[in-house]
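As a plain string of letters, each chain reads:
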Amino acid sequence: MTKRELDQKAAIMTVIRYLGDIPPGTRCSAVFFDSERIRREKEFYMKLYSDSGVQDPEVLRAMVAANVPEDPYWLVSLKAGDGISQDATRLHRVDDRTGKILNEPT
């Protein structure tokens, strides 16, 4: 098992411990956001906010900064595996360096 795979499992376990009671059959996955993916995520939010009518560059930067972490992180997804539950997929960010849950976007 590679270090990245171990880090991925650690990020998933961090979220499971954070949430506590996870039903059996819950599907878990994690995607690593490195500097390139973070750059693309920032571009996405910049375009989204611009298309929504926000034109002031300072306001755009502040809005993007409030929603996209600067440092690498894991985006962990949890989805009920029973097929019956109508709960949406839950997403949580875990800081790659500290292993701590990041605050939800504002």
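What you see is a predicted model, and the numbers here were worked out from it, not measured in a lab.

Calculation notes
- Residues numbered from 1 in each chain as written.
- Predicted model: local features only at pLDDT ≥ 70, side-chain atom pairs only at ≥ 80, totals over all residues.
- Heavy atoms only, no water.
- Helix = DSSP H or I, 4+ residues; strand = E, 2+ residues; numbered from the N terminus.
- Buried < 20%, exposed > 50% of the residue type's maximum accessible area, 1.4 Å probe, protein only.
- Contact = heavy atoms within 4.5 Å.
- Areas by Shrake-Rupley, 256 points an atom, 1.4 Å probe, with all protein chains shown as cover.
- Lys, Arg positive; Asp, Glu negative; His and termini not counted.
- Charge placed at Lys NZ, Arg CZ, Asp CG, Glu CD.
- Polar contact = N/O pair within 3.5 Å; in protein donor to acceptor, adjacent residues only side chain to side chain.
- Salt bridge = Lys/Arg side-chain N within 4 Å of Asp/Glu carboxyl O.
- Phe/Tyr/Trp six-rings, centres within 6.5 Å; stacked < 30°, edge-to-face > 60°.
- Lys NZ or Arg CZ within 6 Å of the ring centre and 35° of its normal.

## Looking at the overall build of the protein
Next up, step 1: The secondary structure content of the protein amounts to three helices and three strands.
Next up, step 2: From first element to last, N terminus to C terminus, the protein shows the α and β order α-β-α-α-β-β.
Next up, step 3: When its C-alpha atoms are laid out on the principal axes, the protein stretches across 45 × 35 × 20 Å.
Next up, step 4: Evaluated residue by residue, the protein yields a buried proportion of 28% over its 106 residues.
Next up, step 5: Of all intrachain contacts in the protein linking residues separated by at least 6 positions in sequence, the fraction that spans at least 24 positions is 59%.
Next up, step 6: When the accessible area of the protein is evaluated, it comes to approximately 7,200 Å², of which 55% is carbon and sulfur surface.
Next up, step 7: In the protein, the 16 positive side-chain charges and the 17 negative ones have mean positions that sit 4 Å from each other.

## Some points on the side chain of R93
Next up, step 1: Following the sequence through the fold, R93 ends up in strand β3 (residues 90-95).
Next up, step 2: Classification of R93 by relative accessible area gives buried; the value is 9%.
Next up, step 3: A polar contact is formed between the side chain of R93 and the side chain of E41, at a distance of 2.9 Å.
Next up, step 4: Only 2.7 Å separates the side chain of R93 from the backbone oxygen of N67, close enough to count as a polar contact.

## A word on the pattern of salt bridges
Next up, step 1: Scanning the model with the defined rule gives eight salt bridges in all.
Next up, step 2: The partner of D51 in a salt bridge is K47, with the nearest N and O atoms 2.9 Å apart. Taken together, the residues span about one helical turn, with D51 and K47 both in helix α2 (residues 35-51) at a distance of four residues. The same class applies to D51 and to K47, which are both exposed.

## Re the packing of aromatic side chains
Next up, step 1: One pass over the full model with this rule turns up four aromatic pairs.
Next up, step 2: Plain terms: the ring middles of F32 and W74 are 5.1 Å apart, the flat faces sit at 55° to each other, and that makes the pair tilted. One end of the pair, F32, is in strand β1 (residues 27-33); the other, W74, is in strand β2 (residues 73-79), and 42 residues separate them in sequence.
Next up, step 3: In this structure F32 comes out as buried when scored by relative accessible area, which is 17%.
Next up, step 4: Judged by its relative accessible area of 4%, W74 is buried.
Next up, step 5: Both rings, one in Y45 and one in Y49, keep their centres 5.7 Å apart while their planes meet at 35°; by these two values the pair is tilted. Taken together, the residues Y45 and Y49, both in helix α2 and four residues apart, mark about one turn of the helix.
Next up, step 6: Note on Y45: relative accessible area 17%, which makes it buried.
Next up, step 7: Classification of Y49 as buried rests on a relative accessible area of 13%.
Next up, step 8: Three or more aromatic residues link up through ring pairs in this structure, and these residues are F44, Y45 and Y49.
Next up, step 9: Between the NZ or CZ atom of R37 and the centre of the ring of F33, over which it lies, the distance is 5.9 Å.

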